[in-house]
Amino acid sequence: MRSLVLVVLMAFASYGVAADGKQLFQKCIACHGVDAQKSALGKSKIIANMSLEENIAALKGYQDGTYGGTMKALMKGQVSKYTDEEIEALAKYITTLGK
Ligand code: HEC
């Protein structure tokens, strides 16, 4: 019984917690590198070196199809489901990786 209460409490605690950029970035690592210092598939910029505004603009642009190069459809698939809050958390985390 006590553990059930705990599980319910933990469910409430995690609900509404701010988006975690580091955790969201895990699925980007395969192409962009663990520290965002790789040119993804030899096509992208080094995203860790882009500013916060540039990263947000790029990610939102991929979502609505207004940004990108020859492989923008691929990136649209990567980011289409994220909320604005998640995009901002991702962009913030990426810019902490810049040198
Ligand atoms: C399957 C490989 C792959 C994955 C996974 C991937 N990307 Fe990309 N990303 C690319 C490629 C390729 C480009 C260049 C696309 C183009 O032509 O515009 C790119 C471009 C970008 C850019 C813009 C850089 C530029 O050159 O203007 C950002 C920012 C970015 N990705 C962030 C992310 C984030 C955040 C994730 C995870 C949610 C992610 N990517 C997942 C391959 C990937």
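The sections below set out a description of the structure shown in this document. (Residues numbered from 1 in each chain as written. Predicted model: local features only at pLDDT ≥ 70, side-chain atom pairs only at ≥ 80, totals over all residues.)

1. A few points about the packing of helix α4 (residues 52–64) against helix α5 (residues 72–79)
Okay, so step 1: Direction vectors running N to C along α4 and α5 enclose 100 degrees, while the axes themselves pass 8 Å from each other. Between α4 and α5, the angle is such that the two are roughly perpendicular. Each of Leu59, Tyr62 and Gln63 in α4 lies in contact with α5, whose residues at this interface are Lys72, Met75, Lys76 and Val79.
Okay, so step 2: Here the residues of the contact of α4 with α5 sort into four nonpolar, one polar and two charged. (Axes fitted to C-alpha atoms, helices over the stretch in contact; angles between N-to-C directions. Helix = DSSP H or I, 4+ residues; strand = E, 2+ residues; numbered from the N terminus. Parallel < 35°, antiparallel > 145°, perpendicular 65-115°, else oblique. Contact = placed C-beta atoms within 7 Å. Nonpolar A, V, L, I, M, F, W, Y, C, P; charged D, E, K, R; others polar.)

2. Brief notes about the packing of α4 against helix α6 (residues 84–96)
Okay, so step 1: Two elements in contact, α4 and α6, have axes whose closest approach is 9 Å; the angle formed by their N-to-C orientations is 140 degrees. The orientation of α4 relative to α6 falls into the category oblique. Here α4 runs over α6; the crossing is right-handed. Contacts between α4 and α6 involve Leu52, Asn55, Ile56, Leu59 and Lys60 from the first element and Ile87, Glu88, Leu90, Ala91, Lys92, Ile94 and Thr95 from the second.
Okay, so step 2: Counted by class, the contact of α4 with α6 contains seven nonpolar, two polar and three charged residues. (Left-handed = near helix turned anticlockwise from the far one by under 90°.)

3. Section: the site of the ligand
Okay, so step 1: Around the ligand, the structure places 24 residues, and the nearest of them are Cys28, Cys31, Ala40, Gly68 and Gly69.
Okay, so step 2: At five residues, α5 tops the list of elements feeding residues into the shell around the ligand.
Okay, so step 3: For the shell around the ligand, the per-class residue count stands at 13 nonpolar, seven polar and four charged. (Near = placed C-beta within 6 Å.)

4. Quick word on unusual backbone geometry
Okay, so step 1: In this structure, Ala36 takes a positive phi of about 60 degrees despite not being glycine.
Okay, so step 2: Position of Ala36 among the secondary structure elements: in the loop between α3 (29–32) and α4.
Okay, so step 3: By C-beta crowding, Ala36 is classed as buried, having 23 other C-beta atoms within 10 Å.
Okay, so step 4: Here the phi dihedral of Leu41 falls at roughly 50 degrees; this positive angle occurs in a residue that is not glycine.
Okay, so step 5: Note on placement: Leu41 falls in the loop between α3 and α4. (Buried ≥ 20, exposed ≤ 12 C-beta atoms within 10 Å, placed from the backbone.)

5. Remarks on the nonpolar core
Okay, so step 1: Among the nonpolar cores identified, the biggest contains 12 residues, and these are Ala36, Ile47, Ala58, Leu59, Tyr62, Met75, Ile87, Ala89, Leu90, Ala91, Tyr93 and Ile94.
Okay, so step 2: Listing elements by their share of this core, those giving two or more residues are α4 and α6.
Okay, so step 3: Looking at this core element by element, the count peaks at six residues for α6.
Okay, so step 4: Setting aside anything within four residues of it in sequence, one finds Tyr62 in contact with Tyr67, Gly68, Lys72, Met75, Lys76 and Val79. (Core = buried A, V, L, I, M, F, W, Y, C linked by C-beta atoms within 7 Å.)

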